[in-house]
Amino acid sequence: MRKKIVAGNWKMYKDKNGTIELISSIKLLMNESSPKREVVICPPFLSIDLAKELIKDTDIHLGAQNCYFKNEGAFTGEVSPQMLKSFGVEYVILGHSERRTYFNEYNSLINKKIKAALENGLKPIYCIGETLAEREDNKTFNVVNEQIVEGLEGITKEQMKDIVIAYEPVWAIGTGKTATPAQAEEVHQFIRELIGKIYGTETAEELTIQYGGSVKPENAADLFSQPNIDGGLIGGACLKADSFWAIVNA
Ligand code: PGA
């Protein structure tokens, strides 16, 4: 049975006090842990260590939002996967559309980051998805195909066990426009079939494919009940404990 994972991508929100407040509020809402789903929070780098301490008595997992593809060196301003690992980080979001758009990241660069993350024992959450123009141009499947083939180039079947894919249509991120469950499911199914062609059906069936893009408490249950949607990558709605936890419960 593949895992359902709800991950909160805090983006560039929450300072030190905000980190303490949000995690404390989440902890107040947590009931007993459920083996059926996994919860991950991905705060900014500066809050990683503090977040690790605050979640230590919970079953919440820790993720980062990016990393470089080298373990150390003269790369001013970058953070390495080896450093993240040493701070107890388990997941790392890679290839998010905001990184692709504002920081010029592209598939072959993200591929290097995915490999470096895996070599350091981190689990990449690899984000893919089409822009509105690409969707309107009927290029969704081509774009997603290219992101999978180029982004996962050289990744072995064994390594695929540690990868999560997040399908995030760019037009749905932070816009309040969610893909309908049917629109999302169609692409998720395509992704699973593609992974099946490359790695075999067993790997495809075990792969967690999250949906991301304006997931809210009101639409989460419908999205997550689709057969190929295995949880979500949550932006805006993860910044408040009650909406994040409502999505986890969905
Ligand atoms: P959103 O962001 O939930 O605010 O649309 C999702 C994401 O960027 O991962």
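Refer to the structure above for everything that follows.
Residues numbered from 1 in each chain as written. Predicted model: local features only at pLDDT ≥ 70, side-chain atom pairs only at ≥ 80, totals over all residues. Heavy atoms only, no water.

Trainee: Describe in detail the overall build of the chain, supporting the description with residues and values.
Mentor: Scanning the chain from N- to C-terminus turns up 12 helices and 8 strands. Over its C-alpha trace the chain gives a radius of gyration of 17 Å, about what one expects of a compact globule, namely 18 Å for 250 residues. With respect to the principal axes defined by its C-alpha atoms, the chain has extents near 45 × 45 × 35 Å. Scored against the burial criterion, the 250 residues of the chain give a buried share of 52%. Of all intrachain contacts in the chain linking residues separated by at least 6 positions in sequence, the fraction that spans at least 24 positions is 71%. Within the structure as shown, the chain displays about 11,900 Å² of accessible surface, and the carbon and sulfur contribution to it stands at 52%. Distance between charge centroids for the chain: 2 Å, based on 28 positive and 34 negative side chains. (Helix = DSSP H or I, 4+ residues; strand = E, 2+ residues; numbered from the N terminus. Rg over C-alpha atoms; globule rule 2.2 N^0.38 Å. Buried < 20%, exposed > 50% of the residue type's maximum accessible area, 1.4 Å probe, protein only. Contact = heavy atoms within 4.5 Å. Areas by Shrake-Rupley, 256 points an atom, 1.4 Å probe, with all protein chains shown as cover. Lys, Arg positive; Asp, Glu negative; His and termini not counted. Charge placed at Lys NZ, Arg CZ, Asp CG, Glu CD.)

Trainee: Kindly report on the packing of helix 7 (residues 140-151) against helix 9 (residues 181-199), identifying the contributing residues and their values.
Mentor: The N-to-C vectors of helix 7 and helix 9 enclose an angle of 40 degrees; their axes lie 11 Å apart at closest approach. The pairing of helix 7 with helix 9 is recorded here as oblique in orientation. Seen from above, helix 7 lies across helix 9 with right-handed handedness. Contacts from Thr140, Phe141, Val144, Asn145 and Ile148 in helix 7 reach Glu186, Val187, Phe190, Ile191, Leu194, Ile195 and Ile198 in helix 9. Looking at the contact of helix 7 with helix 9, its residues break down into 9 nonpolar, 2 polar and 1 charged. (Axes fitted to C-alpha atoms, helices over the stretch in contact; angles between N-to-C directions. Parallel < 35°, antiparallel > 145°, perpendicular 65-115°, else oblique. Left-handed = near helix turned anticlockwise from the far one by under 90°. Nonpolar A, V, L, I, M, F, W, Y, C, P; charged D, E, K, R; others polar.)

Trainee: Please provide a residue-by-residue account of the packing of aromatic side chains, values included.
Mentor: Throughout the structure, instances matching the rule amount to 5 aromatic pairs. Chaining the aromatic ring pairs together yields one cluster made of Tyr68, Phe69 and Phe75. In this structure, Arg99 is placed above the aromatic ring of Phe103, and the distance from its NZ or CZ to the ring centre is 4.2 Å. The ring of Phe69 has Lys112 sitting right over it, with the charged end atom 4.7 Å from the ring centre. (Phe/Tyr/Trp six-rings, centres within 6.5 Å; stacked < 30°, edge-to-face > 60°. Lys NZ or Arg CZ within 6 Å of the ring centre and 35° of its normal.)

Trainee: Talk me through the sheet that holds strand 5 (residues 123-128); I want residue IDs and the actual numbers.
Mentor: Pairing is parallel in the closed barrel, where 8 strands are placed in the order 1-2-3-4-5-6-7-8. Within the sheet, the average angular offset between the axes of one strand and its neighbour, ignoring direction, is 30 degrees. Two strands pair when backbone bridges link them, and strand 1 (residues 4-9) and strand 2 (residues 37-42) are joined in this way by 6 bridges, in the parallel orientation. Pairing of Asn9 across the sheet is with Cys42, part of strand 2. Packed onto the sheet, helix 7 meets strand 5 and strand 6 (164-167) and runs at close to 155 degrees relative to strand 5. (Pairing = 2+ DSSP bridges.)

Trainee: Which residues make up the environment of Cys238, and what values do they have?
Mentor: Inspection of the secondary structure assignment puts Cys238 in the loop between strand 8 (231-234) and helix 12 (241-249). Taking relative accessible area as the criterion, Cys238 reaches 1% and is therefore assigned buried. Sequence separation between Cys238 and Ser86 is 152 residues, and the spatial gap between their C-alpha atoms is 25 Å.

Trainee: Mind laying out the site of the ligand, listing which residues take part and the relevant values?
Mentor: Around the ligand there are 13 residues in total, and Lys11, His96, Glu168, Gly174 and Ser214 lie nearest to it. One of the backbone nitrogen or oxygen atoms of Ser214 is found 2.7 Å away from an oxygen atom of the ligand. Protein contacts shield 95% of the accessible area of the ligand, which totals 280 Å² for the unbound molecule. Its residues assigned to classes, the shell around the ligand comprises 4 nonpolar, 7 polar and 2 charged. (Near = heavy atom within 4 Å. Polar contact = N/O pair within 3.5 Å; in protein donor to acceptor, adjacent residues only side chain to side chain.)

Trainee: How would you summarise the pattern of salt bridges if you had to cite specific residues and measurements?
Mentor: Counted under the stated rule, the structure contains 15 salt bridges. One salt bridge in this structure joins Glu90 and Lys123, with 2.8 Å as the shortest N-O distance. Taken together, the residues Glu90 in the loop between helix 3 (81-86) and strand 4 (91-94) and Lys123 in strand 5 connect sequence positions 33 residues apart. Close ionic contact of Glu158 with Lys161 constitutes a salt bridge, the shortest N to O distance being 3.0 Å. Pair check on accessibility: Glu158 and Lys161 agree, each one exposed. Each member of the salt-bridge network shares a partner with another, and the members are Arg2, Arg192, Glu205 and Asp230. (Salt bridge = Lys/Arg side-chain N within 4 Å of Asp/Glu carboxyl O.)

Trainee: How would you explain the nonpolar core if you had to name every residue and give the values?
Mentor: Ile41, Leu152, Ile165, Ile191, Ile195 and Phe244 are the most contacted members of the largest nonpolar core, which totals 62 residues. Beyond its immediate chain neighbours, meaning those up to four positions away, Ile165 contacts Tyr126, Ile128, Ile148, Leu152, Ile191, Ile195, Leu207, Thr208, Ile209 and Gln210. Core analysis: the second largest hydrophobic core is formed by 11 residues, Ile93, Ile125, Cys127 and Leu233 among them. (Core = buried A, V, L, I, M, F, W, Y, C linked by side-chain atoms within 4.5 Å.)

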